[in-house]
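Structural description and commentary
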Amino acid sequence: MKLKEIIERCNLRVFTPEVNFEDIDITGGYTSDLLSDVMAACEAGSIWVTIQRHLNIVAVAKLKEIPAILITRGLVPEKSTIEKAQAEGVVLLGTELNSFEATGKIYCLLKGIKGA
Amino acid sequence: MMIQDTVSETNKFRFVYLIKPRDFSNAGDASANVKAELQKHGIEPDVIRRVSIICFEAEMNIVLYTKGGKLIVEVDDQKVDILALDKGPGIEDIELVMTPGYSTAPEWALEYGFGAGMGLPNIKNNSDVFEIESEVGKGTIVHSIVYRRKNEIKGNN
């Protein structure tokens, strides 16, 4: 599914307007706040759902080929994180939903489950 | 850039990175650079995937827990050889730190999503050869090898 569609359907906030997400495909998702867990288990092409918002999440995303990070619970990434994400071409997103709700919603979209 | 020196021979190249302690604004850069270099040299994607995990965890360990150190990555036709060296404080009980879930991370590191107790196990799980040596007061050496042509090297019979 196109990232653009997920952003629209879930009404996500985009923190990195300079990163072009028109053609990004999302093939799965992973929800975790532990960086080593994401390093171990998140598949490339996933959207990563987390409350972490410091600089190092961009490094993790870049290494794991995670095109987009969704920061939940209305939390806002640090300025340095946004700058790094813009520079590295990682899409940073935000939502007022918590990680459980956001994950459920995106899961339904990706699996084509109605009522999300 | 953190590359200290790059030695290039035919079919063999080496990258050395100095890793500073508590340097979070640059943490992950060495691993990102390793990944970019391996991609440039056409190394197999699965090897790059594993080396990236190993380098990131080794780099973060140096940043979080040590007085600084080095990450040395050597690539040839057969393998990628990763050496992470630090200046201490060293590990008292290696078996304990290899236990998944065990961590000595301080509170602030936990809040940043570090200290899951998965770093060294992640390195081991992605390595074909894994060695760790440590001396309290001196430092720790983590050595890891990822083979590029596994079937040829390990035999496929």
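Values in this document were obtained by computation on a predicted structure and should not be read as measured data.

1. Describing the overall build of chain B
A tally of regular secondary structure across chain B gives six helices and six strands. Counting from the amino terminus, helix and strand elements in chain B follow one another as β-β-α-α-β-β-α-α-α-β-β-α. Buried residues in chain B amount to 34% of all 157 residues. Within chain B, residue pairs in contact and separated by at least 24 positions form 57% of the contacts whose partners lie at least 6 positions apart.

2. Describing the sheet that holds strand E3 (residues 46–50) of chain A
Residues and elements named next belong to chain A. Taken in spatial order, the five strands line up as E1-E5-E4-E3-E2 in an open sheet, and their pairing is mixed. Each end of this open sheet is capped by a strand with a single partner; those strands are strand E1 (13–14) and strand E2 (28–31). Both E1 and strand E5 (residues 91–94) contribute to a ladder of two bridges, which runs antiparallel. Residue pairing in the sheet places Arg13 in a bridge with Gly94 of E5.

3. Some thoughts on the interface of chain A and chain B
Taken together, the 15 residues of chain A in the interface contact 18 residues of chain B. Secondary structure elements with two or more residues in the side of chain A that touches chain B: helix H2 (35–41) and helix H3 (56–64) of chain A. Here the side of chain A that touches chain B gets five residues from one element, more than from any other, and that element is H2 of chain A. By residue class, the composition of the side of chain A that touches chain B is seven nonpolar, five polar and three charged.

4. A short note on the nonpolar core
Counting 63 residues, the largest nonpolar core has Trp48, Ile69, Leu70 and Leu93 of chain A together with Val51, Cys55 and Ala58 of chain B as the members making the most contacts within it. The greatest single-element share of this core, amounting to twelve residues, is contributed by helix H2 (residues 45–65) of chain B. Excluding anything up to four places from it in sequence, Cys55 of chain B contacts Ala30, Ser31, Val34, Leu71, Val73 and Ile82 of chain B.

5. A few points about helix H5 (residues 99–111) of chain A
Residues and elements named next belong to chain A. Between its first and last C-alpha, H5 extends 18 Å over 13 residues, near the 18 Å set by a 1.5 Å rise per residue. Burial in H5 covers these residues: Ala102, Lys105 and Ile106. Mapping the buried residues of H5 onto a view down its axis gives an arc of 90°, with all of them on the same face. For H5, exposure combined with an orientation more than 90 degrees from the buried face picks out Phe100 and Lys111. Where H5 is buried, its residues contact helix H1 (3–9), E2, E3 and strand E4 (68–71).

6. Examining helix H1 (residues 29–40) of chain B
When the terminal C-alpha atoms of H1 of chain B are compared, their 16 Å separation across twelve residues agrees well with the 16 Å that a helix rising 1.5 Å per residue should span. Residues of H1 of chain B that are buried include every one of Ala30, Ser31, Val34, Lys35 and Leu38 of chain B, and no others. Projected down its long axis, H1 of chain B carries its buried residues within an arc of 140°, all on one side. Turned more than 90 degrees off the buried face of H1 of chain B, the exposed positions are Ala36, Gln39 and Lys40 of chain B. Close packing links the buried residues of H1 of chain B with H3 of chain A together with strand E2 (12–19), H2 and strand E3 (69–75) of chain B. Backbone geometry just downstream of H1 of chain B places Gly42 of chain B in the positive-phi region, at approximately 70°.

7. Re the pairing of E4 of chain A
All names here are of chain A. Side chains Ala68 and Leu70 of E4 all project onto a buried face; the interleaved residues Ile69 and Ile71 project onto the opposite face, where all are buried too. Bridge count for E3 against E4 is four bridges, and the pairing is parallel. In the strand pairing of E4, Val49 is matched with Leu70. Crossover E3 to E4 through H3 is right-handed. Of the strand pairs in this sheet, E4 and E5 are connected by four bridges, and their pairing is parallel. Considered in E5, the bridge of Leu70 is made with Leu93. With respect to chirality, the unit in which E4 leads through helix H4 (residues 79–88) into the neighbouring parallel E5 is right-handed.

Rules of the game
- Residues numbered from 1 in each chain as written.
- Chains lettered and ligands numbered in written order.
- Predicted model: local features only at pLDDT ≥ 70, side-chain atom pairs only at ≥ 80, totals over all residues.
- Helix = DSSP H or I, 4+ residues; strand = E, 2+ residues; numbered from the N terminus.
- Buried ≥ 20, exposed ≤ 12 C-beta atoms within 10 Å, placed from the backbone.
- Contact = placed C-beta atoms within 7 Å.
- Pairing = 2+ DSSP bridges.
- Nonpolar A, V, L, I, M, F, W, Y, C, P; charged D, E, K, R; others polar.
- Core = buried A, V, L, I, M, F, W, Y, C linked by C-beta atoms within 7 Å.
- Expected span 1.5 Å × (residues − 1).
- Arc of directions from axis to C-beta.
- Right-handed = clockwise from strand over helix to strand, strands pointing away.

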